[in-house]
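Chain by chain, the residues:
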Amino acid sequence: MAKSKIIIADTDEQFLMLLEMKFLEELDDSIELETITDASYFEEYFSSPKSADALLVSERLFELSNLQKHSIGSIFILVEANESTQPDGLGINRIYKYTSTKDIFDRVSALSLKKSSIASKKETIVALLYSASGGVGKSTLALGVACYLSKNNNKVLYINASMLNTFQHMLSNCAPIPNNALADFSGSNENAYSKIKYVIRNESFDYLPPFSRALSTIGIDYSVYYNIVRGAKMSNDYDVIIVDADCTFDKAKTDLITLADRVIIVTEQSKNSVYSTNVLTENISFRNNEKYRFLCNKYAGDKESYIMHTKNYLINEYVKLFDNCDSMSVNDLSKKTDIQKVAYLMK
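Just so it is clear, the structure is predicted and the values come from calculations on it, not from any experiment.

### Description of the packing of helix α1 (residues 13-27) against helix α4 (residues 101-112)
Moving on, step 1. Running from N to C, α1 and α4 cross one another at 60°; their axes reach a closest spacing of 10 Å. As far as their axial angle goes, α4 and α1 are oblique. Two packed elements cross with a definite hand, and for α1 against α4 that hand is right-handed. Across the interface between the two elements, Phe15, Leu18, Leu19, Lys22, Phe23, Glu26 and Leu27 of α1 pack against Thr101, Lys102, Ile104, Phe105 and Val108 of α4.
Moving on, step 2. For the contact of α1 with α4, the class distribution of residues is eight nonpolar, one polar and three charged.

### Re helix α9 (residues 251-259)
Moving on, step 1. Inspection of α9 places Lys253, Leu256, Ile257 and Leu259 among the buried residues, and these make up the whole buried set. Angularly, the buried residues of α9 cover 165° about the axis, an arc narrow enough to put them on a single face. Projecting away from the buried face of α9 at angles above 90 degrees are the exposed residues Lys251 and Thr258.
Moving on, step 2. As for α9, its buried residues are in contact with β6 (125-131), β7 (156-161), α8 (223-235), β10 (240-245), β11 (262-267) and β12 (292-299).
Moving on, step 3. Backbone nitrogen of Ala252 and a side-chain oxygen of the N-cap are separated by 3.3 Å at the start of α9; the cap is Asp250.

### Considering a nonpolar patch on the surface
Moving on, step 1. Taken together, the side chains of Met17, Leu18 and Met21 present a nonpolar region at the surface, about 300 Å² in accessible area.
Moving on, step 2. Here Met17 shows up in helix α1.

### Topic: the sheet that holds strand β8 (residues 201-202)
Moving on, step 1. A sheet is described by the order of its strands in space; here eight strands give the open sequence β8-β9-β7-β10-β6-β11-β12-β13, paired in mixed fashion. On the outer flanks of this sheet lie β8 and β13 (317-320), each paired with one strand and no other.
Moving on, step 2. Sheet topology note: the β6/β11 ladder contains five bridges and is parallel. Of the residues in β11, the one forming a bridge with Tyr130 is Ile265.
Moving on, step 3. Against the sheet, helix α5 (residues 138-151) contacts β6, β7, β10, β11, β12 and β13, and its axis sits at roughly 170° relative to β10.
Moving on, step 4. Packed onto the sheet, α9 meets β6, β7, β10, β11 and β12 and runs at close to 140° relative to β6.

### Some thoughts on the environment of Asp106
Moving on, step 1. Structurally, the position occupied by Asp106 is in helix α4.
Moving on, step 2. Sequence separation between Asp106 and Lys341 is 235 residues, and the spatial gap between their C-alpha atoms is 8.2 Å.
Moving on, step 3. Setting aside chain neighbours within four positions, we find Asp106 in contact with Tyr344 and Lys347.

### Some thoughts on the pattern of salt bridges
Moving on, step 1. Counted under the stated rule, the structure contains 16 salt bridges.
Moving on, step 2. Lys97 serves as the salt-bridge partner of Asp12, at 3.9 Å between the closest nitrogen and oxygen. Residue Asp12 is found in the loop between β1 (4-9) and α1, and its partner Lys97 is found in the loop between β5 (92-96) and α4; the two are separated by 85 residues along the sequence.
Moving on, step 3. Asp12 sits in the partly exposed class, given a relative accessible area of 29%.
Moving on, step 4. For Glu317, the salt bridge identified is with Arg107, shortest N-O distance 3.3 Å. Of this pair, Glu317 sits in strand β13 while Arg107 sits in helix α4, placing them 210 residues apart in sequence.

### Observations regarding the confidence of the model for the chain
Moving on, step 1. Taken residue by residue, the chain gives an average pLDDT of 87. The fraction at 70 or more is 92%.
Moving on, step 2. Within the chain, no element has a lower average pLDDT than α4, which sits at 80, and none a higher one than β7, at 98.
Moving on, step 3. The low-confidence segment residues 115-121, where pLDDT is below 50, has 17 contacts with residues more than four positions distant or belonging to other chains.

### What about α4?
Moving on, step 1. Between its first and last C-alpha atoms α4 spans 16 Å; for 12 residues at 1.5 Å apiece the expected length is 16 Å, and the two agree.
Moving on, step 2. Burial analysis of α4 places 10 of its 12 residues in the buried class, which makes it a mostly covered element.
Moving on, step 3. Looking only at α4, the buried set comprises Lys102, Asp103, Ile104, Phe105, Asp106, Arg107, Val108, Ser109, Ala110 and Ser112.

Conventions adopted
Residues numbered from 1 in each chain as written. Predicted model: local features only at pLDDT ≥ 70, side-chain atom pairs only at ≥ 80, totals over all residues. Heavy atoms only, no water. Axes fitted to C-alpha atoms, helices over the stretch in contact; angles between N-to-C directions. Helix = DSSP H or I, 4+ residues; strand = E, 2+ residues; numbered from the N terminus. Parallel < 35°, antiparallel > 145°, perpendicular 65-115°, else oblique. Left-handed = near helix turned anticlockwise from the far one by under 90°. Contact = heavy atoms within 4.5 Å. Nonpolar A, V, L, I, M, F, W, Y, C, P; charged D, E, K, R; others polar. Buried < 20%, exposed > 50% of the residue type's maximum accessible area, 1.4 Å probe, protein only. Arc of directions from axis to C-beta. Polar contact = N/O pair within 3.5 Å; in protein donor to acceptor, adjacent residues only side chain to side chain. Patch = residues over 30% accessible without salt bridge, like charges linked within 9 Å, V, L, I, M, F, W, Y side chains within 5 Å. Areas by Shrake-Rupley, 256 points an atom, 1.4 Å probe, with all protein chains shown as cover. Salt bridge = Lys/Arg side-chain N within 4 Å of Asp/Glu carboxyl O. Pairing = 2+ DSSP bridges. pLDDT = per-residue confidence, 0-100. Expected span 1.5 Å × (residues − 1).

The structure is reproduced here in structure tokens:
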């Protein structure tokens, strides 16, 4: 496989060294890495045509050269103000420079590298998508990411961990779990996964079919989701388990949050959604900062963003509002660049 070529240009030598170390630690011999710390050399270097899969460049250096004339797959401008992290389009993206090197690496990997780092992981990753309020498009994201990861050589299990399942309208087979199988879901059984895995279906990725009615109506405790996820993780049958949880916040939900390797908290830019997310952050311990990621969904640059007024959390990724989203299949969603960026938040 051809190596990805990456150029990192920044006059802050300490910052550049840390970023260089991160890329070499993660990818080592699978990339060709070049670094530039001198502004004069940067201008001279780009005075002749250059090609690369990705260029990471400081704002000041970016303004010194017309980089559009070069053959560069993706340009990442390292900005010093967090409110500028939205994508510019045309292959240009902005990344907040003072986020972690891991976040920068994940963003670049999502858009420009030839090799998926997720596919190389051996241990099952449990990625929980959660929101403080409904209607933020969390299930659409989760299903699109499940399809994308599956198409990129990952064994994926999607579980909609809601009291009432409504995700199935996006799949070809909307049929619920058969009534004669419900007894295998009853009780708080640590062997829940092995007992119910025969009902799991596949539509490019594996998924737990919906329950026909609300869990309380059919006498099944919400803890069944924890037991299934835990059993599936221990089995190592999957590379990634995507858990799409409802917005109720209680002990059962905190158990799932504790079990998860990655927790992606989805919000919108609206006043109500930002306020709800602020309240949520006051009820979760973020001592493990590598575990939690914040995502602004349905982002529209022409509308007021209340996210800019909060200091409670840092948005790791913005996902634009998709046109005709209701008519899209999960396969259509998996082709969206923004969906692919979400996948790399699960690393």
